[in-house]
Amino acid sequence: MGKVSLTTYTLVIFLLASSCYAELGEVISCSKYQTAFDGACYEFVGLQFSFLRAEGWCERGGGHLVFILTDETQQFLQTHLEPDKDWWLGLAPASPNLTLDVSYSNWVNLPEARATCGYILRDTGFQWTATENCTQELNFICQFGMLLLHLYCFDFEF
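Each residue is numbered by its place in its chain's sequence as written, counting from 1. With pLDDT at 70 or above as the cut-off, local features in this predicted model cover only qualifying residues; side-chain atom pairs require 80 or more to be listed or tallied, and sums for whole chains, interfaces and linings still use all residues. Side-chain measures here rest on the full set of heavy atoms in the structure, leaving out hydrogens and waters.

As annotated in an unreviewed UniProt entry, the protein chain carries the name C-type lectin domain-containing protein and is attributed to Poecilia latipinna.

So this is what it looks like as structure tokens:
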């Protein structure tokens, strides 16, 4: 690697680290339709959409389908969910290309290899399941704020 490339590479790493640190220190402000928890905002959407349409709906608002990475987040969400409804999640079964280290899990059963979309299964005590039928229409939870910064800043691979 040449001297210019190494200098540029080092500068990019420094800028990424600096911007992540600065953004992580910001206070999250939630809209009136969202609920704040642990540095992020959550919106419990009563509309029923397919997985991809739900993800698109969240992304248009600047968020994504919810990632549940801790038991504390799971417990928080449970206090806002209706137990007789299914809710799309942003998490799906692990794939070989996934670089995210997710140690928290609440799967009701180990997902089948073909299952690509995860959701909170009704009447299971809010456990997760996965399906290959991503076109079914379910309620969903959007997440806004810090989590995306954690994923993109700390799981960035060079």
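Q: Sorry, what's going on with the overall build of the protein chain here?
A: Only runs of H or I of at least four residues qualify as helices and only runs of E of at least two qualify as strands under DSSP, and these elements are numbered from the N terminus. A tally of helices and strands in the protein chain yields four helices and seven strands. In sequence order, the secondary structure elements of the protein chain are arranged as α-β-β-α-β-α-β-β-β-β-α. With 158 residues in all, the protein chain has 37% of them scored as buried. It only takes one pair of heavy atoms within 4.5 Å for two residues to be counted as in contact. For the protein chain, contacts bridging at least 24 residues in sequence account for 67% of all contacts bridging at least 6. Here the Shrake-Rupley method, with its probe set to 1.4 Å, supplies the accessible areas, and only the displayed protein chains count as covering residues. Of the roughly 9700 Å² that the protein chain leaves accessible, carbon and sulfur atoms contribute 56%. Partly exposed residues are those whose accessible area sits between 20% and 50% of the maximum for their type, while under 20% is buried and over 50% is exposed, using a 1.4 Å probe and protein chains only.

Q: Looking at this structure, I do not really get helix H2 (residues 51-60). What am I missing?
A: An α-helix turns once per 3.6 residues; consequently, residues spaced three or four apart project the same way. Among the residues of H2, Phe 51, Ala 54, Glu 55, Gly 56 and Cys 58 are the ones counted as buried. Where H2 is buried, its residues meet strand E2 (40-49), strand E3 (64-65), strand E4 (87-88), strand E5 (117-120) and strand E7 (138-145). Downstream of H2 by a residue or two, Gly 62 has a phi angle that is positive, lying close to 95°.

Q: How should I be thinking about the nonpolar core in this particular structure?
A: Most often, soluble globular proteins keep nonpolar side chains buried together rather than apart. Residue types Ala, Val, Leu, Ile, Met, Phe, Trp, Tyr and Cys, when buried and joined through side-chain atoms within 4.5 Å, form a set referred to as a nonpolar core. Ranked by size, the top nonpolar core spans 19 residues in total, and within it Tyr 42, Val 66, Ile 68, Leu 77, Ile 120, Trp 128 and Ile 141 carry the most contacts. Going through the elements one at a time, E2, helix H3 (71-78) and strand E6 (128-131) are the ones with two or more residues in this core. Aside from chain neighbours lying at most four places away, what touches Trp 128 is Ile 68, Gln 74, Leu 89, Leu 91, Tyr 104, Ser 105, Asn 106, Trp 107, Val 108, Tyr 119 and Ile 120.

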